[in-house]
Amino acid sequence: MTEEEFDAFYASAFPRVVGQVYSFTGDHGQAQDVVQEAFVRAWDRRGDFLATEAPEAWIRTVAMRLAVSHWRRARRWLELVRRTPPPDHAPGPGPEHVALVTALRQLPEPQRMAIVLHHLCDLSVEQVASETGAPIGTVKARLSRGRAALAKLLPASEVGAVGGSGEEKEEDRGR
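The structure displayed is predicted, hence computed values, not measured ones.

Observations regarding the overall build of the chain
- Within the chain one finds nine helices and zero strands.
- Expressed as a percentage of its 175 residues, the buried residues of the chain come to 27%.
- Restricting to contacts in the chain with at least 6 residues of sequence separation, those with at least 24 account for 57%.
- Put simply, the chain shows about 11,400 Å² of open surface, and 53% of that area lies on carbon and sulfur atoms.

Below is the structure:
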C-alpha cells in the first residue's frame, strides 16, 4: 500500500471506525484518539497491516483494544483514588506569610523579582542577574532598595525572614 493509498484508506475508514468505537465507548474524543492511534500503529507496521485481508477490521480491533486499555487504566486509577483517603484540611498561610506577600506586592516588579529570586529561591546575585537579564550591579541595587522598602512595610520580626534589617549581605556587596 503506497502512501497515497493509505491516505485514501484513512480518509474513507476513519469516520466509520470512529463512529463504531464511539458507540462502544460513549466518548467521541476518546474514540477519535484510539482510532488515530490504531492508524499510527498500522502505518508503523505496514508490512503486517498489508498482509491482513480486512484492514478496516484490523484498525477497529486495535482501536477497541486501546479503548479497553484506557478504560482499565482509568478504573485502576479510580480504585486507587478511592482507597486513598483525602488529606486532612491543610492550614492556610500564616499571618507572616500574608504580610510578606502583601508587602512584596507593593514593590516595583524588578525589585520584587530580585528579592524573591535571591531571598526566597536562594539564588546568588549572579544567578539572579543571569535569570533576569540585568547587570549584577543593577540586581544589587534592586535588592538593596527592595529590602529598604520592605523594612518600612513590614514589622521588624518579618523583615528578618527576607534578608535582615535592610543591611547588605557580604555576597551582595561583591566581597
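Description of the packing of aromatic side chains
- Evaluated as defined, the whole model comprises seven aromatic pairs.
- Between Tyr10 and Phe39 the ring centres are 4.7 Å apart and the planes differ by 80°, which places this aromatic pair in the edge-to-face class. Taken together, the residues span a long stretch of sequence, with Tyr10 in helix H1 (residues 3-25) and Phe39 in helix H2 (residues 28-44) at a distance of 29 residues.
- The exposure class of Phe39 is buried, given its relative accessible area of 2%.
- An aromatic cluster is present here, built from Phe6, Phe9, Tyr10, Phe14, Phe39 and Trp43 joined pairwise through their rings.

Quick word on helix H7 (residues 125-132)
- Where H7 is concerned, the buried positions are Val125, Val128 and Ala129. Down the axis of H7, the buried side of the element spans an arc of 100°, and every buried residue falls inside it. Away from the buried face of H7 by more than 90 degrees, exposed residues Ser130 and Glu131 are located.
- Each element contacted by the buried residues of H7 is listed here: helix H6 (109-120) and helix H8 (136-153).
- Residue Gly133 follows H7 closely and has a positive phi angle near 80°.

Topic: the packing of H2 against helix H4 (residues 55-83)
- Running from N to C, H2 and H4 point in directions that differ by 125°, and their axes come no closer than 8 Å. Here H2 lies oblique to H4, going by the angle between them. Considering only the axes of H2 and H4, their crossing is right-handed. Between H2 and H4, the residues in contact are Gln30, Val34, Val35, Glu37, Ala38, Phe39, Arg41 and Ala42 and Trp58, Ile59, Val62, Ala63, Leu66, Ala67 and His70, respectively.
- Across the contact of H2 with H4, the residue classes tally to eleven nonpolar, two polar and two charged.

Here is what the cut-offs are and how they apply
Residues numbered from 1 in each chain as written. Predicted model: local features only at pLDDT ≥ 70, side-chain atom pairs only at ≥ 80, totals over all residues. Heavy atoms only, no water. Helix = DSSP H or I, 4+ residues; strand = E, 2+ residues; numbered from the N terminus. Buried < 20%, exposed > 50% of the residue type's maximum accessible area, 1.4 Å probe, protein only. Contact = heavy atoms within 4.5 Å. Areas by Shrake-Rupley, 256 points an atom, 1.4 Å probe, with all protein chains shown as cover. Phe/Tyr/Trp six-rings, centres within 6.5 Å; stacked < 30°, edge-to-face > 60°. Arc of directions from axis to C-beta. Axes fitted to C-alpha atoms, helices over the stretch in contact; angles between N-to-C directions. Parallel < 35°, antiparallel > 145°, perpendicular 65-115°, else oblique. Left-handed = near helix turned anticlockwise from the far one by under 90°. Nonpolar A, V, L, I, M, F, W, Y, C, P; charged D, E, K, R; others polar.

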